[in-house]
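# Notes for the structure review
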Amino acid sequence: MINKDIRLAKVLRELNVPLVRAISFLKSKHITVEPNPNSKINIYAYNLLVDEFCSDNLLKTNTRSILLDEKENTDPVQTFSYHTKLILNEHREFRIFEQKEKITILKDKLTGITYVSKKLSKLIGENVLMQVSSLENYDKPMFKYSVLNDFLEDEEYEFGIVDKKDKGFVIENSEDYTSFIPLSYEKFIINGGKIKLTVERIDKEKNHLIFQSKEAFNRALFTSDNSTKNANNLFTLGEKYEFKVEGFRNIDEDTSIILLDYNGYKSTVKSFAFQNIDNLPETVICIVSYVSEDNIKLFQDRYALLFNLYKEGNKYEFTVVALENDSNSNSRFLILSDNYGIIHKLYSNEFENDEFEEIQIGQNVCLYVKRIDEKGHLVLNIDAPDRYGSFIYVESIFEFINKTNSVDKYFYFISDEIKKDIYKEKPYAQLFEDYKKRENLWVFSYLSFLNEYIQNMVKQNQLETAIEFSDLYLEIEEWMLEGSDFLQKFSPEKRPIIINKAEQQLKNARIRKESLMLIKNNQSEIYIQDVLKTLRLSSYLRDDKVKIFKNLIFNTSHNNHTRFYCST
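A few points on the structure. (Residues numbered from 1 in each chain as written. Predicted model: local features only at pLDDT ≥ 70, side-chain atom pairs only at ≥ 80, totals over all residues. Heavy atoms only, no water.)

Across its full length, the protein holds 17 helices and 24 strands. With the model as given, the accessible surface of the protein reaches about 32600 Å², and the carbon-plus-sulfur share is 46%. (Helix = DSSP H or I, 4+ residues; strand = E, 2+ residues; numbered from the N terminus. Areas by Shrake-Rupley, 256 points an atom, 1.4 Å probe, with all protein chains shown as cover.)

The relative placement of two aromatic rings is captured by the distance of their centres and the angle of their planes. Under the defined criterion, the tally for this structure stands at 35 aromatic pairs. Seen in terms of ring centroids, Phe94 and Tyr115 are 6.1 Å apart; in terms of plane orientation they differ by 90°. Their pairing is edge-to-face. One end of the pair, Phe94, is in strand 3 (residues 91-99); the other, Tyr115, is in strand 5 (residues 114-118), and 21 residues separate them in sequence. For the ring pair Tyr310 and Phe318, a centre distance of 6.2 Å and an interplane angle of 10° mean the geometry is stacked. Assigned by exposure class, Tyr310 and Phe318 land together as buried. By the ring-pair criterion, three or more aromatic residues cluster together here, those being Phe272, Phe274, Tyr310, Tyr316, Phe318 and Tyr340. When the ring centre of Phe307 is taken as reference, the NZ or CZ atom of Lys311 above it lies at 5.3 Å. (Phe/Tyr/Trp six-rings, centres within 6.5 Å; stacked < 30°, edge-to-face > 60°. Buried < 20%, exposed > 50% of the residue type's maximum accessible area, 1.4 Å probe, protein only. Lys NZ or Arg CZ within 6 Å of the ring centre and 35° of its normal.)

Before going further, it helps to examine the side chain of Asp373. Note on placement: Asp373 falls in the loop between strand 21 (364-372) and strand 22 (378-381). Although buried, Asp373 forms no salt bridge, and the nearest oppositely charged side chain, Arg371, lies 5.4 Å from it. Within the structure, Asp373 has its side chain in polar contact with the backbone nitrogen of Lys375 (distance 3.0 Å). In terms of polar contacts, Asp373 uses its side chain to reach the backbone amide nitrogen of His377, at 2.9 Å. For Asp373, the contacting residues outside a window of four places in its chain are Tyr303 and Val379. (Lys, Arg positive; Asp, Glu negative; His and termini not counted. Salt bridge = Lys/Arg side-chain N within 4 Å of Asp/Glu carboxyl O. Polar contact = N/O pair within 3.5 Å; in protein donor to acceptor, adjacent residues only side chain to side chain. Contact = heavy atoms within 4.5 Å.)

The strand order 10-9-8-11-12 describes an open sheet built from five strands, whose pairing is antiparallel. Of all the strands in the sheet, just strand 10 (177-182) and strand 12 (208-211) have a single pairing partner and so form its edges. Each strand axis lies, on average, 55° off the axis of its neighbour in the sheet, ignoring direction. Sheet topology places strand 8 (residues 156-164) next to strand 11 (residues 194-203); five bridges connect them, and they run antiparallel. Each residue of the ladder has a partner; that of Glu158, found in strand 11, is Lys196. (Pairing = 2+ DSSP bridges. Axes fitted to C-alpha atoms, helices over the stretch in contact; angles between N-to-C directions.)

Sheet architecture is open: five strands sit in the order 20-19-18-21-22, paired in antiparallel fashion. Single-partner strands in this sheet number two, and they are strand 20 (343-347) and strand 22. Put simply, the sheet's adjacent strands are angled 55° from each other on average, direction ignored. Across five bridges, strand 19 (residues 331-337) lies against strand 20 in antiparallel orientation. Its bridge partner lying in strand 20, Leu336 is registered against His344.

Quick look at the pattern of salt bridges now. Scanning the entire structure with this criterion turns up 14 salt bridges. For Asp163, the salt bridge is made with Lys165, and the minimal N-O distance between the two is 3.1 Å. A salt bridge links Glu246 to Lys266, with the shortest nitrogen-to-oxygen separation between them at 2.9 Å. Taken together, the residues span a long stretch of sequence, with Glu246 in strand 13 (residues 240-250) and Lys266 in strand 15 (residues 265-270) at a distance of 20 residues. Judged by its relative accessible area of 38%, Glu246 falls in the partly exposed class. Shared partners join several salt bridges into a network, and the residues in it are Asp51, Glu93 and Lys109.

It is the contact of helix 1 (residues 8-15) with helix 3 (residues 43-53), at a shortest axis distance of 11 Å, that shows an interaxial angle of 15°. By the criterion of interaxial angle, the relationship of helix 1 to helix 3 is roughly parallel. As helix 1 packs across helix 3, the resulting crossing turns out to be right-handed. On the side of helix 1, the interface is formed by Leu8, Val11 and Leu15, while helix 3 contributes Tyr46, Leu49 and Val50. Taken together, the residues of the contact of helix 1 with helix 3 break down into six nonpolar, no polar and no charged. (Parallel < 35°, antiparallel > 145°, perpendicular 65-115°, else oblique. Left-handed = near helix turned anticlockwise from the far one by under 90°. Nonpolar A, V, L, I, M, F, W, Y, C, P; charged D, E, K, R; others polar.)

What follows is about unusual backbone geometry. A positive phi angle is found at Asn263, which is not glycine, with a value near 50°. Mapped onto the elements, Asn263 comes out in the loop between strand 14 (256-262) and strand 15. Accessibility expressed as a relative area gives 63% for Asn263, which makes it exposed. For Asn461, which is not glycine, the phi torsion reads 60° and is therefore positive. Inspection of the secondary structure puts Asn461 in the loop between helix 13 (442-459) and helix 14 (463-483).

A separate point is the pairing of strand 9 (residues 168-174). If a strand is regular, its side chains alternate between the two faces of the sheet. Of all seven residues making up strand 9, five are buried, and the element is well covered by its neighbours. Relative to strand 9, strand 8 runs antiparallel, the two sharing four bridges. Across the sheet, Asp163 pairs through a bridge with Val170, a residue of strand 9. Turn length for the strand 8-strand 9 hairpin, with the two strands adjacent in sequence and antiparallel, is three residues. Sheet analysis places strand 9 next to strand 10, joined by six bridges and oriented antiparallel. Residue pairing in the sheet places Val170 in a bridge with Phe180 of strand 10. Turn length for the strand 9-strand 10 hairpin, with the two strands adjacent in sequence and antiparallel, is two residues.

Another point: helix 16 (residues 524-537). Taking 1.5 Å of rise per residue, the 14 residues of helix 16 would be expected to cover 20 Å, and the 20 Å separating its terminal C-alpha atoms lies within 8% of that figure. The set of residues buried in helix 16 consists of Ser524, Tyr527, Ile528 and Val531. Take helix 16 and look down its axis: the buried residues cluster within an arc of 100°, on one side only. In this structure, helix 16 carries Ile526, Arg536 and Leu537 as exposed residues pointing more than 90 degrees from its buried face. (Expected span 1.5 Å × (residues − 1). Arc of directions from axis to C-beta.)

Printed below as a string of structure tokens:
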């Protein structure tokens, strides 16, 4: 015997075994070795290779001698002590030496020492791995049948139900090993007392199988029809998808899942505490957190969830759960729980005077929802949000300008247009995202888009469309400045700047409209000549006439169609 590791190349040479074959064999024995000839193996792995690939007993002895004699300065006493010492919880290989009525005699393959074990269903001469389960009496150690004999991680096995206890079921896969599953698995027992389980992990120290989680187990059952579908072709990591809800399952007292379908691909997502079989929506928005060829993992999009539960500007009741400090901003905030069991935060800067200090843990507080941010968090305020402005719906604007029946045409139908390459990199490209998030900035984004869209229509000689949308642009600008209090809801510092800019844009829009009408009525050349005549007589022109002239001066004739660039 030796007390040092042996280089794998030397063993392969003596046994005349290819590297790949040796590595594969050791892996089957749950021994991981780097596939490199310079790797070293211990005496246990070495003896396994000799027993497997050396059939002649005399040759086995000679092989061991050749290799072991090459080791220098080996102390026989130390060597024997090292290799005969049993280690608690180790998995050690034995040979079935003798079978008696109620016990099995094991022979240690390393030392040749025999031990007594409980009865095993193995034949004399067979090899078996046993875990050293107790060394309280070293002369009479206790062993358990090792799970490494029969199981590999990430593999599925069929178990029989042996017995039902108060908290679950005793299951077995062979006569020598039993395990236990909780009562929550009962609904998955099939075929008169059998259940299929996947080994997620093997706890070698405890000689215990850890089965695939109940949530994953449910997912596996529900998604069995996905075998012909490649998830990589359907889903992108980090993207949102709308799934059809097909059912609901309780896993245990604390966990439930929603069964989903996306174009025939089945999946599941963990439910929130308030979601149950009685209040399931028709669809849910989920974000892909993991995707592979045959599997995806999802979590529900908080923004979409909160959007369905809360309305901006409304008042809701929350329970104060805790008071904490933000280490980054050095500010305090309250941890709040709502009626749905969802956790929120409320920072001290939302309060005036000593109101924050007066709030107690466990107290119920009524707060206004200012908005729902893009990360799916409620922005809460102690005061009514009038000073911030409630959300402006596009329908309310179009009702004011007497275009109620044209909302789809002028707003919703342009969602495809704004995705075109000429617009997608523009600041207003997020127009519909802003609208979906109930951000009133969508109004400014919409006007910016209309402005550029009109110019592009002019470039494409679509004069009628340009005039049509110019009228719309003017009406919305006039609504913003004269027909609503929208701009008054901004802070006193920002309000004058925003109003001044809006007034200038309205003035430019009216000039553009006048230029378009000159083109339409074939009056542009007359107007240009009139301006040139005025300039010859006087160097002064009114500002509006200068801007109209600038719009028209770029006008050129092409195939009898008037074409100009409109600059505002």
